[in-house]
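Structure at a glance
One-letter residues, chain by chain:
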2 protein chains.
Amino acid sequence: MAFGHQREDSRLILLREISQEGRIPRIDLAERTGISRATVTTITADLLRDGLIEEIPREDGAAGTRGRPRVDLKIAGAAHLVAGVKVSGSRISLVLMDFEGSQMAEHEVPLGAGRHSPEALAGYIGDAVAALAAKIGTETAQISGVGVGLAGTIDAGAGAVHWSPSLNARNVDFAAMLTERMGVPTYLDNDANLVAMAEKTFGLGRGRSDFIVVTIEAGVGMGIILGGEIYRGTRGCGAEFGHTKVQLEGALCRCGQRGCLEAYVAEYALLREADTALGPDTSLSGQIARLLGAAEAGDPTAASIVSRAGRMFAMGLANIVNIFDPELIILAGEQMQFDYLYADEVIAEMRKSIVQVDAAPPEVVIHKWGNLMWARGAAAYALEFVQERAAREGRVDAA
Amino acid sequence: MAFGHQREDSRLILLREISQEGRIPRIDLAERTGISRATVTTITADLLRDGLIEEIPREDGAAGTRGRPRVDLKIAGAAHLVAGVKVSGSRISLVLMDFEGSQMAEHEVPLGAGRHSPEALAGYIGDAVAALAAKIGTETAQISGVGVGLAGTIDAGAGAVHWSPSLNARNVDFAAMLTERMGVPTYLDNDANLVAMAEKTFGLGRGRSDFIVVTIEAGVGMGIILGGEIYRGTRGCGAEFGHTKVQLEGALCRCGQRGCLEAYVAEYALLREADTALGPDTSLSGQIARLLGAAEAGDPTAASIVSRAGRMFAMGLANIVNIFDPELIILAGEQMQFDYLYADEVIAEMRKSIVQVDAAPPEVVIHKWGNLMWARGAAAYALEFVQERAAREGRVDAA
DNA sequence: CAATTTAATTTGCTTTCCGAATTTAAATGC
DNA sequence: GCATTTAAATTCGGAAAGCAAATTAAATTG
């Protein structure tokens, strides 16, 4: 029996397949997974009994074919609840999802700027999750898993925060702390990885197993999906795209080193140059807009600042492509203000800088999303764990 | 039964473990693999019957312990033969290995410079393999697998050569051609990957599952091992470390682009600057020596050339670390003449350029090896496939 | 030489999952 | 309206993998 060796067993494989496809008949499940029809019947019967999946009664569109009609299966939304939490500098954003991935509620609470003690932050998160659950008239105890995204260097496997701008302590076993505080299994990850997760589950990376997500906000982040899994490096602190070097002895980065990509393309990098070129301005975002406007209007200094940022970004991106050879790159961002980095010229320049082979260069897509995407990614991350648990446990005791 | 689903089955897991450990008693196999002792007994009995492994009669050193003595198992060298082939610009290098990985013979034949037709090159390789087999009084048909390493962009999975400096045609289904020509399954890969393979199997990467190998010869290459497997990118043409960009609008590379790492550290890059600084020289390697000597002696121009190459190399290396966060980097090279790139200052500079976290920076080791290491990597690559086949087939008909 | 210790094997059983045969639920033909 | 066809789903018997517990084997110790 394949029981002792706890590798991916067929229950999980089928559950994942159903989840990914949304709705799918048994015969297609057998086809896609290579599991025999007989076994698919047995296992899906189990999953149905356990309340993890449901049959969809009629497939209206598919009339007219002879033979016994296929019966689509889907994930039973009601089986579980998961929450996704994103902690940013100024607030905590949350979403509540059912087992199907449908959003049930969202919630935001302000968070005092600066660093917090781990205990305090765990408390804020716990309270926010409780408030989130209350929105659909339930409570924290009914949630099967919570995903939490945090900026900083995080060891997702161990659930530890090595360092984060939101915490005033280093090397905190934060996942365990949250799990204990809420009484719900909590999974921690770096926020860039969560965007990758969101793209994989709901976004443009759906169905793709190898792609890279680049995010720009205050800094430049990257999430890498290899073989359908988040790649984290050995110590869980790889993918520091923003601190790859694009210039020897280059511009000063806030990490203290020189020549980091971030030191050319991040907001603060443009601001300091804008101040030099256009004179200081009290409004930060206003100043960026002024700079872009001046560049547009033909101001040579402003244009050179913006164009250099774009070319540096293209160079950094090309390096990623040369190393990973991904099939898809998703440029994801919350704000429109980084449009100049996502411009066609920049992408074209990147294409010119990669190693030329016969195969087509990687697809590059731009995906703008709102604030809650981070939290949705966190929820998707938790959902994977909950699916795995649900598949492993024979029966689920939904209250 | 786990038969229909052909995932890694226990036979292969145990065979691999024995192979990796060299010699290991059953009880440790059970311990390490998580397979029960009962099953280990059953499976190893099978493997013994099939002649794939052997018991080692006495373990002399381990006397003095109570209880029934452990009986070490090892791979049966005689079970299979594999060959490794490396095609370089001027010759074909080959090694013959037994199933244990012990070298049985080596062979080298000159190869006319320049490009060859696929048919011709397949012929040369086939003849060379036959000559290799003849060295131990056997023939090609007795070899169970051949690994072949080639420079160029190669799709290892498909066995296709997109482009290679050794071939005068593009997109050749070269593995199939060799398999047919020799009547032995042949596995193709990029030569940088083979060095990684050699390091993993025999070298400093032994027992490591995540590391990176950087090679310098004419160009700069990289092999990436993630999770014990060679990472190849989506289209099998990633890891182009030599063409990552280290300078915007930088030095001209032979690939036609500007600012590639290679354009600062490769032999030809140093040569063209050396010619400018010291005047031309007819002897290529002599000129490099002259340059290094002058730098050593305090010539400021020469020193600046060499030091810039070193700093550029450090920067490229730091980028790799920032992206992958490997536990180990192996700087592998055939020749001593790149010592200046492997100098302590260069490594120190790299360390300063990576993102600082609490965890220790990756270990960096330098490994110099001879010409046959490539071929040994190719053989190790073929060996993996032969092991897999042997584990899958119930019985092996050794002639 | 009996007791002890540890490794390896044997035995009986459980679990998983397949192939083949069968049943089911429709559409179609007459 | 009823037999026929078609395709999906299910049932049934069996085979393989692999475990736990009991047993056997080979050594040391007192």
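The structure we're discussing is the one just above.
Note that the structure is a prediction, hence the values are computed from the model and not measured.

1. Remarks on the side chain of Asn319 of chain A
Along the chain, Asn319 of chain A turns up in helix H10 (residues 300-324). Not counting the four nearest positions on each side in its chain, Asn319 of chain A is found in contact with Thr244, Lys245 and Asn319 of chain B.

2. Comments concerning the environment of Tyr268 of chain B
Residue and element names in this part refer to chain B. Tracing the backbone through its elements, the reader meets Tyr268 in helix H8 (residues 267-278). Residue classification places Tyr268 among the partly exposed residues on the basis of a relative accessible area of 22%. Remark: the alpha-carbon pair of Tyr268 and Ile288, spanning 20 residues in sequence, is separated by 9.5 Å. Non-local contacts of Tyr268, meaning those with residues more than four positions away in its chain, are made with Cys253, Arg254, Glu262 and Ala263.

3. Section: the pairing of strand E5 (residues 91-98) of chain A
Residue and element names in this part refer to chain A. Most of E5 is tucked away, with seven of its eight residues classed as buried. Pairing analysis gives seven bridges linking strand E4 (residues 81-87) to E5, with the strands arranged antiparallel. Its bridge partner being in E5, Lys86 is matched across the sheet by Ser93. Between the end of E4 and the start of E5, which pair antiparallel, lie three residues. Where E5 lies against strand E6 (residues 103-110), seven bridges are found, and the strand directions are antiparallel. Bridged to Ile92 within E6 is Val109. Where E5 folds back on E6, the antiparallel hairpin that results is connected by four residues, among which Gly101 adopts a positive phi of roughly 95°.

4. Things to note about the sheet that holds strand E3 (residues 72-75) of chain A
What holds strands together in a sheet is hydrogen bonding between their backbones, with the strands either parallel or antiparallel. Residue and element names in this part refer to chain A. Read across the sheet, three strands follow the order E1-E3-E2 without closing on themselves; strand pairing throughout is antiparallel. Every interior strand has two partners, whereas the edge strands, strand E1 (24-25) and strand E2 (53-56), have only one. Pairing geometry for E1 and E3, over two bridges, is antiparallel. Bridge pairing links Ile24 to Leu73 in E3. Taken strand by strand, helix H3 (residues 37-49) contacts E2 and E3, and its axis lies near 105° from that of E2.

5. Quick word on the packing of aromatic side chains
Scanning the entire structure with this criterion turns up eleven aromatic pairs over all chains. Judged by centre distance (6.0 Å) and plane angle (75°), the rings of Phe324 of chain A and Tyr231 of chain B are edge-to-face. Placement of Phe324 of chain A in helix H10 and of Tyr231 of chain B in the loop between strand E13 (229-230) and helix H7 (262-265) is noted, with the two residues assigned to different chains. An identical accessibility class is assigned to Phe324 of chain A and Tyr231 of chain B; each is buried. Ring pairs connect the aromatic residues Tyr231 and Phe324 of chain A together with Tyr231 and Phe324 of chain B, which therefore count as one cluster. Above the face of the Phe202 of chain A ring, Arg376 of chain A is positioned so that its terminal group lies 4.3 Å from the ring centre.

6. Side note on the packing of helix H2 (residues 26-33) of chain A against H3 of chain A
Residues and elements named next belong to chain A. At a closest axis distance of 9 Å, the pairing of H2 and H3 adopts a crossing angle of 120°. The pairing of H2 with H3 is recorded here as oblique in orientation. Our pair here, H2 against H3, has a crossing hand that is right-handed. When H2 is examined against H3, the residues Arg26, Ile27, Leu29 and Ala30 are found in contact with a partner set consisting of Arg37, Val40, Thr41, Thr44 and Leu48. Classifying every residue of the contact of H2 with H3 by side-chain character gives five nonpolar, two polar and two charged.

7. Focus on the interface of chain B and chain A
Taken together, the contact between chain B and chain A spans 56 residues of the former and 56 residues of the latter. Taken together, the two surfaces of chain B and chain A that pack against each other cover about 4500 Å², and 54% of this comes from carbon and sulfur. The interface formed by chain B and chain A includes 14 residue pairs in polar contact (both at pLDDT 80 or more). Ranked by residues supplied to the side of chain B that touches chain A, first place goes to helix H10 (residues 300-324) of chain B with eight residues. A breakdown of the residues in the side of chain B that touches chain A according to their chemical character gives 23 nonpolar, 19 polar and 14 charged.

8. With respect to the sheet that holds strand E14 (residues 328-333) of chain A
Residue and element names in this part refer to chain A. The five strands lie next to each other as E13-E12-E11-E14-E15, forming an open sheet whose pairing is mixed. Among the strands making up the open sheet, the edge pair consists of strand E13 (229-230) and strand E15 (363-368). Across the sheet, helix H6 (residues 191-201) touches strand E11 (211-216), strand E12 (220-226), E13, E14 and E15, and the angle it forms with E12 is around 50°.

9. Description of unusual backbone geometry
Positive phi, close to 50°, is recorded for Asn171 of chain A, a residue that is not glycine. Inspection of the secondary structure puts Asn171 of chain A in the loop between strand E9 (160-163) and helix H5 (174-182). Even without being a glycine, Asp325 of chain B presents a positive backbone phi close to 50°. In this structure, Asp325 of chain B sits in the loop between H10 and strand E14 (328-333). Classification of Asp325 of chain B as buried rests on a relative accessible area of 0%.

10. Quick notes on the pattern of salt bridges
Residue and element names in this part refer to chain A. Counted by the stated rule, this structure contains 46 salt bridges over all chains. Across the salt bridge formed by Arg91 and Glu108, the nearest N and O atoms sit 3.2 Å from each other. Pair noted here: Arg91 is in strand E5 and Glu108 is in strand E6, with a separation of 17 residues, a long-range link. Taking relative accessible area as the criterion, Arg91 reaches 27% and is therefore assigned partly exposed.

11. Some remarks on helix H6 (residues 191-201) of chain B
All names here are of chain B. Burial within H6 is extensive, with ten of its eleven residues counted as buried. Along H6, the positions that sit buried rather than exposed are Asp191, Ala192, Asn193, Leu194, Val195, Ala196, Met197, Ala198, Glu199 and Lys200. Its side-chain oxygen 2.7 Å from the backbone nitrogen of Ala192, Asn190 forms the N-cap of H6.

Analysis parameters
Residues numbered from 1 in each chain as written. Chains lettered and ligands numbered in written order. Predicted model: local features only at pLDDT ≥ 70, side-chain atom pairs only at ≥ 80, totals over all residues. Heavy atoms only, no water. Helix = DSSP H or I, 4+ residues; strand = E, 2+ residues; numbered from the N terminus. Contact = heavy atoms within 4.5 Å. Buried < 20%, exposed > 50% of the residue type's maximum accessible area, 1.4 Å probe, protein only. Pairing = 2+ DSSP bridges. Axes fitted to C-alpha atoms, helices over the stretch in contact; angles between N-to-C directions. Phe/Tyr/Trp six-rings, centres within 6.5 Å; stacked < 30°, edge-to-face > 60°. Lys NZ or Arg CZ within 6 Å of the ring centre and 35° of its normal. Parallel < 35°, antiparallel > 145°, perpendicular 65-115°, else oblique. Left-handed = near helix turned anticlockwise from the far one by under 90°. Nonpolar A, V, L, I, M, F, W, Y, C, P; charged D, E, K, R; others polar. Buried area = accessible area lost by both parts, 1.4 Å probe. Polar contact = N/O pair within 3.5 Å; in protein donor to acceptor, adjacent residues only side chain to side chain. Salt bridge = Lys/Arg side-chain N within 4 Å of Asp/Glu carboxyl O.

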